[in-house]
Amino acid sequence: MGEKIKVGVLGATGSVGQRFVQLLDGHPWFELGALFASERSAGKRYRDAAKWFLPYPMPEEAAEMVVRSTEDVGVDGTEDEELTILFSALPGSVAKEVERRCAQAGYCVASNVSVHRMEKDVPLVIPEVNADHLALINEQRSNRNWRGFIVTNPNCSTIVLALSLKPLMQFGITEVRVATMQAVSGAGYAGVPSMAILDNVIPYIEREEDKMESEPLKILGTLEGSRIRNASFTVCASCHRVPVMDGHTEAVWVKFEDEISEMEVKEAFENFNTDVDIETPFAPQKPIILREERDRPQPKLDRDAGRGMSVSVGRIRPGRMKNEIKYIALGHNTIRGAAGASILNAEVMVKRGYISRT
Ligand SMILES: NC(=O)c1ccc[n+]([C@@H]2O[C@H](COP(=O)([O-])OP(=O)(O)OC[C@H]3O[C@@H](n4cnc5c(N)ncnc54)[C@H](OP(=O)(O)O)[C@@H]3O)[C@@H](O)[C@H]2O)c1
């Protein structure tokens, strides 16, 4: 690829925003052109505005950039001609208006935020699962008369679940139950006070169960013309915050139409492979890694698999209900579950011609 595509990050100082800045450093196709955050950070150098907490040095170029106000992006007359993609890690309360304004102004918005995910003409994409849903981009642009568009990636727990369910779809899933053990970084930089989470488990995460029960059905649904027909099974979720820094762990129970063996499920995970055209810089070699050890996967040991882009599965065993299998799945919530997922989506959009350099 010749000249790099200039990208910006909305919400660049937060938990997911910092991941974008770290992961985009040295990206072979994309170059960081602008960082946006709230009025609190606007005008400051990134090194002073962001409370950097990742276990890597802050990239030098980003550190010296002056943070811009999100209020200025996409506003008439202030278009930044150089930027093509805006990665969004904004709070839901501000994202709706900002992302729409930016899409209308011509940017490709690759969003982590939940506000647009379930809209009928907005793709909700995990490339290894449903890259074909990107076709909704054309529908969206013509419905809304936008020069740009919005593409979303799923909630950080949903992505782990939906990716692990994909190879099992062939066996006829009828019901899924899932209990999550979610890392604190999933709540944002200032999300959970340390006094509340240390030595504790919090059995409530606002709106998380709704997302986990609805998003997988759209992702695993079928594109029919310009609409998605949702997958027809039910998902029942119970979500919990645990004192882990990064990496969401999920206990999953899946019921099938017919009897199924542990071995069939293991083989399906082991043999799962993505389409060739998803080979991009951020695509993991193996989207799903089967862990054979009896006490895996674990966040500390497995969250960085595939540079944080692989989901690990293990403890595959029969459930107590008829035709049921249970297993544990785990993925890195701010990489596979957020910034890395958006970057992979953008790469696939470049590869499929939805984003081009003008
Ligand atoms: N954390 C995860 O694992 C995860 C995973 C998937 C999706 N998400 C989603 O990603 C989004 C960001 O999450 P996060 O965990 O990174 O949150 P966060 O740590 O709280 O960061 C929020 C970011 O948004 C900016 N911001 C706050 N209020 C703003 C306003 N009024 N106008 C413009 N910018 C504003 C903040 O800038 P200042 O520093 O200037 O305040 C900061 O850069 C959320 O929608 C979340 O649901 C998070």
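Please read all numbers here as calculations on a predicted model, not as lab measurements.

Undergrad: Give me the packing of helix α7 (residues 156–165) against helix α12 (residues 335–351): which residues, what numbers.
TA: For the pair α7 and α12, interaxial distance at closest approach is 8 Å and the crossing angle is 95°. If you check the angle between α7 and α12, you find them roughly perpendicular. Residues Cys156, Ile159 and Val160 of α7 form the contact with α12, whose own contacting residues are Arg336, Gly337, Ala338 and Ala341. Here the contact of α7 with α12 is built from residues that sort into five nonpolar, one polar and one charged.

Undergrad: Break down the sheet that holds strand β12 (residues 288–291) for me, with residues and values.
TA: Sheets are built from strands paired through backbone hydrogen bonds, the pairs being either parallel or antiparallel. Taken together, the six strands give an open sheet; going across it, the order is β10-β7-β11-β14-β13-β12, and neighbouring strands pair in mixed fashion. Pairing within the sheet leaves two strands with one partner each, and these edge strands are β10 (234–238) and β12. Geometrically, the sheet is characterised by an average inter-axis angle of 25° between neighbouring strands, direction not taken into account. In this sheet, β10 lies alongside strand β7 (residues 173–181) in parallel orientation, the contact comprising five bridges. Paired with alanine 179 across the strands is serine 238, a residue of β10. Relative to strand β11 (residues 248–256), α7 is tilted by about 40°, and along the sheet it contacts β7, β11, β12, β13 (311–318) and β14 (324–331). Helix-sheet contacts for helix α10 (residues 262–271) involve β12, β13 and β14, and the interaxial angle to β13 is about 170°.

Undergrad: Outline the nonpolar core, listing residues and values.
TA: Counting 96 residues, the largest nonpolar core has Val9, Phe20, Ile85, Phe87, Ala162 and Ala329 as its most contacted members. The leading source of residues in this core is α12, at 10 residues. Each of domain 1 (5–155 + 338–351) and domain 2 (156–332) contributes no fewer than three residues to this core. In contact with phenylalanine 87, not counting residues within four places along its chain, are Val7, Val9, Leu10, Phe20, Ala110 and Ser342.

Conventions used here
- Residues numbered from 1 in each chain as written.
- Predicted model: local features only at pLDDT ≥ 70, side-chain atom pairs only at ≥ 80, totals over all residues.
- Axes fitted to C-alpha atoms, helices over the stretch in contact; angles between N-to-C directions.
- Helix = DSSP H or I, 4+ residues; strand = E, 2+ residues; numbered from the N terminus.
- Parallel < 35°, antiparallel > 145°, perpendicular 65-115°, else oblique.
- Contact = placed C-beta atoms within 7 Å.
- Nonpolar A, V, L, I, M, F, W, Y, C, P; charged D, E, K, R; others polar.
- Pairing = 2+ DSSP bridges.
- Core = buried A, V, L, I, M, F, W, Y, C linked by C-beta atoms within 7 Å.
- Buried ≥ 20, exposed ≤ 12 C-beta atoms within 10 Å, placed from the backbone.
- Domains from an automatic or database assignment.

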